[in-house]
Amino acid sequence: MKRSLFAAVLVSLIVPFSAFSAGMTDSFSKVVEKVNPAVVFIEVTQEREVVSSPFKEFDWIPWDRGQREAPEKEKQIIKGSGSGAIIDAEKGYVLTAAHVIKDVDAAVVHLPDGREFDAIDFIYDTQTDVGVVQIDTEGEDLPEISFGDSDEVKVGDWVLAMGSPLGETLANSVSAGIVSGKGRKSGILGKLGIENFIQTDAVINKGNSGGPLVNTKGKIIGINSNIISRTGFNAGLGFAVPSNIASDVVEKLITEGVIVRGWLGVTVSPLDAIEDEEMLEDIPERIMDRGGAYIVDVLDDGPADEGDMEAGDIVLSINGEEIKDASELIEIISSMEPETEVEIQILRDGEKEELEVVLGIRPGTGRQDGKGVVTGKDRETESFKKIGIAIEKYNEQGEEDFSDGAVVRYVRPDSIAEQFGIEVGDRIMEVNGKNFDEAEDFQELIEDADLEDGILLNVVTKKGKERKVYLKEF
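As the structure is a computational prediction, the values presented were derived from the model and not from experiment. (Residues numbered from 1 in each chain as written. Predicted model: local features only at pLDDT ≥ 70, side-chain atom pairs only at ≥ 80, totals over all residues. Heavy atoms only, no water.)

With that out of the way, let us pick up unusual backbone geometry. Positive phi, close to 65°, is recorded for D129, a residue that is not glycine. Within the secondary structure layout, D129 lies in the loop between strand 5 (116–125) and strand 6 (130–135). For D129, a relative accessible area of 1% gives the class buried. Positive phi values are uncommon outside glycine, yet N432 reaches one of about 50°. Structurally, the position occupied by N432 is in the loop between strand 23 (427–431) and helix 12 (439–448). (Helix = DSSP H or I, 4+ residues; strand = E, 2+ residues; numbered from the N terminus. Buried < 20%, exposed > 50% of the residue type's maximum accessible area, 1.4 Å probe, protein only.)

Right, dumping it as structure tokens:
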């Protein structure tokens, strides 16, 4: 179910004596005492339908060509686990890796003090491997950790990798190491992945995914994401999403409910990755020394194609900001909104040119999955907290008129609304026999209703069918 960080093994960690002789402290215990209470173990489950017939490649039993019934399917519960860190104790936001919670049906967050919380929502961005789990913190006093500045991290700095390697058995383990490199790519996030990893030799194994990489001040400077290993054993090549990328993604996920990124529609590579000798001969030595982003290919009818960019161009700057590497180009463009017009300076046939390109929407981002979008304000509403839905704020005319019902914009996974079949696009006309004209009236009706007694909703589905839905906790 989850992307593995390869096979995990038990290892010993011995901090070299030479580090202490160079003036380092002989203990990280104070950092651990500060951070550890907010580091959590995340247990996830996913329900899958699997074909029980041995003839899984067929839609019917092969020896009975007249039978067109699909083979029987059975439900199977898949379990997994990862790590995380509480970053907002008041609102219950837990930072983790996207691949830990992607497509899961349920999750339980375990704190070191023994408390357990069911997840009430999951939001994530697979292109950066950043995810957030929300838990209900009402009446609870929880610890939290804050973000540090990953741009200030230097190669050679001490860091601690925290989490639960091998699952709950070794929950809240700590390993120490240094920052081995910055701006690394492991290729694990695919062609559309935005990889700018911090590399560390701190021991990271399966189960550490999503746990924090912290500095000696106890600040999160990365999210443990993946390792590279030929054997499946930790080889001292661990990679973490920088905190500055993570914090930006988290803010957008929480406040806007969705990540939308700009897109050029090109394939790029760094200059030092070019192997074609003829191409290299056409690039001036001064450009090779300063760096740039080499355009390997331009997608037909994409934004770059419409802006007259060509394969073989070297991008030197975006809106006057110098580009020294392909990863810089991807990060800058991805940080911009679609429909933004950008000025791109390129080198073509030894001459500098200025082009204007209108950015498109980066594939895999935006509201494209049909599941709806939830924002930070939605999460504070009674309908979201009590029954698990967010509603449209305006009608098709852009007015705050709810006389035609409250249109469901988002349904929280595993919420009571989802369990009783409420879907995105449904219109709720009445709550316990009472109608409403404004969003505030709807929220007040939900607040006054009691799930133990039952909440009766009059609903009109997306297909126009009227039905009554009785929400009740049993």
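Ranked by internal contacts, the top residues of the largest apolar core, which has 50 residues, are I42, V130 and V133. A per-element tally of this core places helix 4 (residues 243–256) first, with six residues. The next biggest cluster of nonpolar side chains, apart from the first, holds 23 residues, and it includes V408, V411, L445 and I455. (Core = buried A, V, L, I, M, F, W, Y, C linked by side-chain atoms within 4.5 Å.)

Sheet architecture is open: five strands sit in the order 21-22-23-24-25, paired in antiparallel fashion. Only two strands of the sheet have a single partner each, and these edge strands are strand 21 (389–391) and strand 25 (466–471). Taken pair by pair, the neighbouring strands of this sheet meet at an average axis angle of 45°, ignoring direction. Note that strand 23 and strand 24 (residues 455–460) share four bridges and pair antiparallel. Its bridge partner lying in strand 24, I428 is registered against V459. (Pairing = 2+ DSSP bridges. Axes fitted to C-alpha atoms, helices over the stretch in contact; angles between N-to-C directions.)

Right, let's get into the environment of A246. Positionally, A246 belongs in helix 4. On a C-alpha basis, the gap between A246 and L95 in space is 8.9 Å, while along the polypeptide they are 151 residues apart. Once residues lying within four places of it in the same chain are set aside, the contact partners of A246 are V130, F147, I223 and V241. (Contact = heavy atoms within 4.5 Å.)

This part is about the pattern of salt bridges. Under the defined criterion, the tally for this structure stands at 16 salt bridges. Close ionic contact of K252 with D248 constitutes a salt bridge, the shortest N to O distance being 3.8 Å. Taken together, the residues K252 and D248, both in helix 4 and four residues apart, mark about one turn of the helix. D248 gets classed as partly exposed once you look at its relative accessible area, which sits at 35%. We note a salt bridge from E322 to R290, for which the minimum N-O separation is 3.2 Å. With E322 in strand 17 (residues 321–322) and R290 in helix 6 (residues 285–290), this pair connects stretches of sequence that are 32 residues apart. Residue classification places E322 among the partly exposed positions, given a relative accessible area of 40%. Through salt bridges that share partners, E310, D313, R348 and E353 make up one connected network. (Salt bridge = Lys/Arg side-chain N within 4 Å of Asp/Glu carboxyl O.)

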